[in-house]
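# An overview of the molecular structure
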Amino acid sequence: MTADLSIAKPNPDSTFILQHLFTAILCVDEALTVTWLNAQAEQLLAVSSGRLRGQSILTLLAPDEFMLKDSFIINNREDKTCALTERFSQAKHYQQPFIDHDHLIHTQLNGGLTLSVDYSVTPVIDEQQSYFIIEMWGKDRQSRISEEQRQQQQYSVARHMLRSVAHEIKNPLAGIRGAAQLLQRQFIKFNEFSAIVNENLNVADENNLKKNAAKLRSYTDIIISETDRLTQLIGQLLGSHQLPNWQMLNIHEPLEHVLALIIHQYPDVVLQRDYDLSLPELCADKDQLIQVFLNLMNNACESMTEFEQTLQQKASTISSQLSSDIAQKHSDINDNYQPKLHIQTRVVFQHTIGSLQHKQVLQITITDNGSGIDDALIGQIFFPMVTNRAAGTGLGLSIVQDIISRHHGMIDVISKQAQGFSGSFKSHYQHNQTRFTLYLPFSQPSADR
């Protein structure tokens, strides 16, 4: 009876299983047309299922060969340009799988994104119809995960070291401030006593005594103000010890709260919103997310403002050196520069953060067209005390990274920076772009307890 029940138990649907694999799977018919792909394939290739279905697999794996076949330029199947088509044909004929390593995918279906993958092709026959099952493994993804884990360990070590040093500095600072305050009070008592004892001093001596007292008090004021500044800096290094206030929220609420502040502070910046309004609610600390977005957007707007000033200064210098016609042309190009802040929200499927694979995570991208980040700093930008701005403390992005880590998420940055002003202004600023990408899980393990 038990055996009969176990036999009667239905097997899981194959499509359901394929959708939950970590491997990217594509199904291709004998005409080499993509008929189906799983969510991991959409994530790896950065293209939707609806857009890829019905396309030839050659558009992904061999676009040059697809263009030649499509235009009937080459009809010889033995030609090297049709090598992949021939490999599919041989695989079908002999029912023999094949594998290709370190293959570069570059297609306009995903906006020209270049991917390095290993893939296998397995011919199958189902209900007398021939198909190919293609499995793909993203090499870029594996290296990205390894690099992110390495950087996360480095950030954790750096934060731990700085917090240890900050704790050691914090107590002596309190002692220095207290001693300066006591010294200041003694100066006040000494001045009052001197005024009583030296009542018969002439005007000149009395003025000198007051000047010396004021000078000594200014020294103690400097000591107190500097220790206060260092104490505030230490507080930023130590970070908040308050546990996150987990709550369910719409991610667009903290975003719009910060954007309202940005609009008033930087009225010349053009805001471009690209929201996915169907996003589910997120479990997060609203106040901490506001701090994250405020830091990132404020940095972006300051970068664009500084870059615009640099363009204006360069235009002014060139105008003084060139003829009026050429100078006017440079001035017109400079006037065309428009600082733009682009905010995008999306759902990303089958994304790995640290050692955890999430079925779906929230992706927020913040993009600006400012001066960009120097290549020498891009890998260290989230470390404390690292900044590319003269007036920066180097703590803002470190705090951002710390908050995102508490939310079990990750943050990434890419920056395209034009090299110098050797070309035209237009070519210089049109290619500048800095993009911060945040990934946040929709639920928090500590909030579920």
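See the structure shown above.
About the criteria used
Residues numbered from 1 in each chain as written. Predicted model: local features only at pLDDT ≥ 70, side-chain atom pairs only at ≥ 80, totals over all residues. Heavy atoms only, no water. Buried < 20%, exposed > 50% of the residue type's maximum accessible area, 1.4 Å probe, protein only. Helix = DSSP H or I, 4+ residues; strand = E, 2+ residues; numbered from the N terminus. Core = buried A, V, L, I, M, F, W, Y, C linked by side-chain atoms within 4.5 Å. Contact = heavy atoms within 4.5 Å. Pairing = 2+ DSSP bridges. Axes fitted to C-alpha atoms, helices over the stretch in contact; angles between N-to-C directions. Phe/Tyr/Trp six-rings, centres within 6.5 Å; stacked < 30°, edge-to-face > 60°. Polar contact = N/O pair within 3.5 Å; in protein donor to acceptor, adjacent residues only side chain to side chain.

The periodicity of an α-helix, 3.6 residues per turn, causes residues three or four positions apart to be oriented the same way. Among the 11 residues in helix 13 (residues 396-406), nine count as buried, and that is most of the element. Taken together, the buried positions of helix 13 are Leu397, Ser398, Ile399, Val400, Gln401, Asp402, Ile403, Ile404 and Ser405. Looking one or two residues past helix 13, His408 carries a phi angle of roughly 60°, positive in sign.

Ile251, Phe293, Leu296, Met297, Leu341 and Ile364 are the most contacted members of the largest nonpolar core, which totals 44 residues. When contributions to this core are tallied by element, the ones reaching two or more residues are helix 10 (252-265), strand 8 (282-284), helix 11 (286-319), strand 9 (340-353), strand 10 (356-368), helix 13, strand 11 (410-416) and strand 12 (433-441). In terms of residue count, the dominant contributor to this core is helix 11 (11 residues). Among residues more than four places away in sequence, those in contact with Ile364 are Ile251, Leu255, Phe293, Gln344, Thr345, Phe436, Thr437, Leu438 and Leu440.

Strand order in the open sheet formed by five strands is 2-1-5-4-3, and the pairing between neighbours is antiparallel. Of all the strands in the sheet, the pair left with one neighbour each is strand 2 (34-37) and strand 3 (98-106). Taking the axes of each pair of neighbouring strands and ignoring which way they run, one obtains an average angle of 30° across the sheet. Both strand 1 (residues 24-29) and strand 2 contribute to a ladder of three bridges, which runs antiparallel. Bridge pairing links Cys27 to Trp36 in strand 2. Helix 7 (residues 83-94) rests against strand 3, strand 4 (114-126) and strand 5 (129-138) of the sheet, and its axis sits at about 150° to strand 3.

Let's shift gears to the packing of aromatic side chains. Under the criterion given, the structure shown has three aromatic pairs. Taken together, a centroid distance of 5.7 Å and an interplanar angle of 85° make the contact between Phe88 and Phe98 edge-to-face. Here Phe98 lies in strand 3 and Phe88 lies in helix 7, a separation of 10 residues in the sequence. On the accessibility criterion, Phe88 (1% relative accessible area) is buried. Ring geometry for Phe88 versus Phe132: centroids 5.0 Å apart, planes at 85°, classification edge-to-face. Here the residue Phe88 occupies a position in helix 7, and Phe132 occupies one in strand 5, the gap between them amounting to 44 residues.

Before going further, it helps to examine the side chain of Thr367. Looking at where Thr367 falls in the secondary structure, it is placed in strand 10. On the basis of relative accessible area, Thr367 is assigned to the buried category, the value being 8%. For Thr367, the side chain forms a polar contact with the side chain of Arg435, separated by 3.2 Å. Not counting residues within four places of it along the chain, the set of residues in contact with Thr367 comprises Lys340, Leu341, His342, Gln433, Thr434 and Arg435.

A separate point is the pairing of strand 10. Two elements, strand 9 and strand 10, share 12 bridges in a ladder whose sense is antiparallel. Note on strand 10: the bridge partner recorded for Arg346 is Gln363. In the sheet, strand 10 pairs with strand 12 via eight bridges, with the strands oriented antiparallel. Opposite Thr365, over in strand 12, you have Thr437 as the bridge partner.

Phi is positive for Asp102, close to 50°, though the residue is something other than glycine. With phi around 65°, Gln128 is a residue other than glycine that occupies positive phi space. Within the element layout of this structure, Gln128 appears in the loop between strand 4 and strand 5. Gln128 gets classed as exposed once you look at its relative accessible area, which sits at 77%.

Any functional reading would require information beyond the geometric quantities listed.
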